[in-house]
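Tertiary structure, described
As a plain string of letters, each chain reads:
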Amino acid sequence: MSVPMSYANIVKNELARVISSKSCCQTAELASLMRMGGTLVIGGNRNLGINFTTENAAVARKVLVVMKQRFQLKTQVIVTRARRLKKNNSYHIKVIPTPEVTELLTQLGLLRQGGIYSGQDKAFFRKACCRKAYLRGAFLGGGSVNRPEGDYHLELVSSSEEYGKTLVGLMKYFNFSPRMTDRKGDYIVYLKDGDAIESFLRLIGACEAVQIFKGVRSVKGMRNKVNRLVNCETANLQKTVDASFRQVENIKLIARVQGLDSLPYTLREAAEVRLNYPEATLQELVEKLDRTVGKSGMNHRMRKLEQIAQTLAGGNQG
Ligand SMILES: [Zn+2]
């Protein structure tokens, strides 16, 4: 009988399949992955190499693919079998020391003026797409999350305090309120709130894992929700429910007829978040998108989606 996969590994397996189409984001993601799980080694001719270790096979595969395809580096993989039951195998990737590695390390911001640089990766934080990719790399390299049935807990573990602080700053930028603590020389950045964990997983692209998380939470939260609903003003609630029901119907129509991929990014983003949170208010949707759009902007997008749906509905009849 096989050991059931941990929720953290479900998340990592999904994230490992997310390959960003932009090279800026690929670099940002690899940079944080290497900061979390990589070490530098010095080889012949004082060339630098990299060792990277992970317990997740899909993560190892992703690192290998990016290293080989994007940077054409020579790599070796060694698998250490777990000696004990319930322990995972470890995958050690060795990037053979060559002059090309130095170039990669410079691009990743790990090397500056010939020395190893452990400061902030500000260069990767100019664009929102890269900031998300950077956090995804951090989770792949040193992240963990409890199964949603248990206590809510998500953490990013690194051996550098400075890097931990970088992650805290980056998460605050996205309106999270992470805490940091140290445990035997490791620095742990963590979230304890179910909503925050859900948004964080969404932000870094683990959308399927979020559905699992939501499913478990909704069962857990049923009692709370009933209480909340009773306390709500019924009229407002009805209005919100009617509007979001209409929006969901519009979006489903668009998805059926032409596919959501046909929409411009902003509309597709609005459509997806609405489908994921059919019961949320517009303001809550704005929060889910980390306030990259305001409430009136979100309203505008919903009206746009409605227009498209109406056009499609008219076209179908004719
Ligand atoms: Zn980017």
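Just so it is clear, the structure is predicted and the values come from calculations on it, not from any experiment. Counting restarts for each chain, with residues numbered from 1 along the sequence as it is written. Confidence filtering applies because this is a predicted model: local features only for residues at pLDDT of at least 70, side-chain atom pairs given and counted only at 80 or more, and all residues used for totals across whole chains, interfaces and linings. No hydrogens and no water enter the side-chain calculation; it runs on all heavy atoms of the structure.

Think of it this way: a Phe, Tyr or Trp ring, Trp meaning its six-membered ring, pairs with another when their centres are within 6.5 Å, and the plane angle makes it stacked under 30 degrees, edge-to-face over 60, tilted otherwise. Throughout the structure, instances matching the rule amount to seven aromatic pairs. With centroids separated by 5.0 Å and ring planes inclined at 85°, the aromatic side chains of Y173 and F174 adopt a geometry described as edge-to-face. Note on classification: 1.4 Å probe, protein chains only; a residue is buried when its accessible area is under 20% of the maximum for its type, exposed when over 50%, partly exposed between these limits. Overall, the relative accessible area of 4% leaves F174 in the buried class. Considering the side-chain rings of F176 and F200, the 5.7 Å spacing of their centres and the 75° angle between planes classify their relative orientation as edge-to-face. Of this pair, F176 sits in the loop between α6 (161-173) and β9 (179-183) while F200 is found in helix α7 (residues 194-203), placing the two residues 24 residues apart along the sequence. Helix and strand labels come from DSSP, where a helix needs a run of H or I of at least four residues and a strand needs a run of E of at least two; each type is numbered from the N terminus.

The rule for a salt bridge is simple: a side-chain nitrogen of Lys or Arg has to be within 4 Å of a carboxyl oxygen of Asp or Glu. Inspection of the entire model under this criterion finds 12 salt bridges. Close ionic contact of D195 with R217 constitutes a salt bridge, the shortest N to O distance being 3.0 Å. Pair noted here: D195 is in helix α7 and R217 is in helix α8 (residues 207-220), with a separation of 22 residues, a long-range link. Of the charged contacts, one joins R246 and E306 as a salt bridge, the two residues approaching to 3.5 Å between their closest N and O atoms. Of this pair, R246 sits in helix α10 (residues 234-257) while E306 sits in helix α13 (residues 295-317), and the two are 60 residues apart along the sequence. Within this structure, E29, K62 and R136 form a network of salt bridges that share partners.

In this analysis a 1.4 Å probe is tested at points of a 1 Å grid over the protein atoms alone, and where it fits but cannot get out there is a cavity; an open set with protein on both sides within 12 Å along at least five of seven lines is a pocket; lining residues have an atom within 4 Å of a point. Grid points are joined across faces, edges and corners, and a volume is the space filled by probe spheres set on the points. Of the volumes computed, that of the second largest pocket is approximately 1000 Å³. In terms of lining residues, the second largest pocket is bounded by 30 residues, among which K132, R202, L203, Y265 and R268 are the most central. For the lining of the second largest pocket, the secondary structure elements donating two or more residues are α5 (128-142), α7, α8 and α11 (265-276).

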